[in-house]
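Analysis of the macromolecular model
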Amino acid sequence: YLDGLPDRAEILAAIERYSGARILVYNFKLGGERLFYLRRDVGDNLPRLMMRPQPDAPEQPLINPTELGGDVHTALDWFAPSPRGRKVAYGLSQGGSEQSTLHILDIETGTILPERISGTDFGLVKWLDEESFLYNRLPANRDETNYYNFSGTFLHQLGNEPDKDPLLLGNGAHGLPVD
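Nothing here was measured: the structure is a model prediction, and the numbers come from that model.

1. Description of the sheet that holds strand E2 (residues 34-40)
- Strand order in the open sheet formed by 4 strands is E1-E2-E3-E4, and the pairing between neighbours is antiparallel. At either margin of the open sheet sits one strand with a lone partner, and together these are strand E1 (24-31) and strand E4 (60-63). Strand-to-strand twist of the sheet, defined as the mean angle between neighbouring strand axes without regard to direction, takes the value 30°.
- As judged from the 5 bridges shared by E2 and strand E3 (residues 48-52), these two strands associate in the antiparallel manner.

2. Overview of unusual backbone geometry
- Positive phi is not limited to glycine here, since Asn27 has a value of about 60°.
- By the secondary structure assignment, Asn27 is in strand E1.
- Looking at Asn27, the relative accessible area reads 33%, which means it is partly exposed.
- Even without glycine at this site, Glu98 takes up a positive phi of about 60°.

3. What to know about a nonpolar patch on the surface
- Together, Ile23, Val25, Phe28 and Val42 make up a nonpolar patch on the protein surface, roughly 360 Å² of accessible area in all.
- Here Phe28 is to be found in strand E1.

4. Points about the packing of aromatic side chains
- Tallying each qualifying case throughout the model produces 4 aromatic pairs.
- Summarising the aromatic geometry, the rings of Phe28 and Tyr37 are spaced 5.7 Å apart at their centres and angled 40° between planes, so their arrangement reads as tilted.
- Taken together, Trp127, Phe133, Tyr135 and Phe154 form an aromatic cluster joined through their ring pairs.
- When the ring centre of Phe79 is taken as reference, the NZ or CZ atom of Lys29 above it lies at 4.5 Å.
- Directly above the aromatic system of Phe154 lies the positively charged group of Arg137, at a separation of 3.9 Å from the ring centroid.

5. Focus on the sheet that holds strand E12 (residues 152-157)
- Across the sheet, which stays open at both edges, the 4 strands sit in the order E10-E11-E12-E13 with antiparallel pairing between neighbours. Whereas interior strands pair on both sides, the edge strands pair on one side only; in this sheet they are strand E10 (125-127) and strand E13 (167-170). Across the sheet, the mean angle from the axis of one strand to that of its neighbour is 20°, orientation sign disregarded.

6. Details of the pattern of salt bridges
- Scanning the entire structure with this criterion turns up 7 salt bridges.
- We note a salt bridge from Asp3 to Arg8, for which the minimum N-O separation is 3.0 Å.
- Residue classification places Arg8 among the partly exposed positions, given a relative accessible area of 32%.
- Residue Glu59 is joined to Arg39 by a salt bridge in which the shortest nitrogen-to-oxygen separation is 2.7 Å. Of the two residues, Glu59 sits in the loop between E3 and E4 while Arg39 sits in strand E2, which places them 20 residues apart along the sequence.
- Look at Arg39 and you get buried, because its relative accessible area is 17%.
- Three or more residues joined by partner-sharing salt bridges are found here, namely Arg39, Asp41, Asp44, Arg48 and Glu59.

Thresholds, definitions, all that
- Residues numbered from 1 in each chain as written.
- Predicted model: local features only at pLDDT ≥ 70, side-chain atom pairs only at ≥ 80, totals over all residues.
- Heavy atoms only, no water.
- Pairing = 2+ DSSP bridges.
- Helix = DSSP H or I, 4+ residues; strand = E, 2+ residues; numbered from the N terminus.
- Axes fitted to C-alpha atoms, helices over the stretch in contact; angles between N-to-C directions.
- Buried < 20%, exposed > 50% of the residue type's maximum accessible area, 1.4 Å probe, protein only.
- Patch = residues over 30% accessible without salt bridge, like charges linked within 9 Å, V, L, I, M, F, W, Y side chains within 5 Å.
- Areas by Shrake-Rupley, 256 points an atom, 1.4 Å probe, with all protein chains shown as cover.
- Salt bridge = Lys/Arg side-chain N within 4 Å of Asp/Glu carboxyl O.
- Phe/Tyr/Trp six-rings, centres within 6.5 Å; stacked < 30°, edge-to-face > 60°.
- Lys NZ or Arg CZ within 6 Å of the ring centre and 35° of its normal.

Laid out in structure tokens, this is it:
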């Protein structure tokens, strides 16, 4: 049907001209003196996580989701820099699921740490220092009708097994019933 429109070429040219026709830079967060933000260039479908070590320093790319998933669509959902900006937690989801898995990048070394914490869809991460943070995690095996009712706030210390993180708030914490 669209191919048969008499002004199709002009309409398509206008759509291409106005769609994604500018660089977007947004969601600014400070970690120490480091500035973290998302950047989406003209023609990009997904934003990249960028950093400036100081306000007048050149920007540095940190996470480009288009380079991470291979054939699987991978999106950067959220990020949270540590207080001094030495580390940044970020969430990746695959296949359009919007079900984030938390990852951590050590800015000093450029190393992605081994921690992987699933169920962190909303990026509710609050760093306490450079080695520990609080985070909200959704349950791994609840049905969709109760999925959001059973989230909890956990404490994670870098290097510890996420499945053993203590539950601080939520059902099952401090004697509260699980169901």
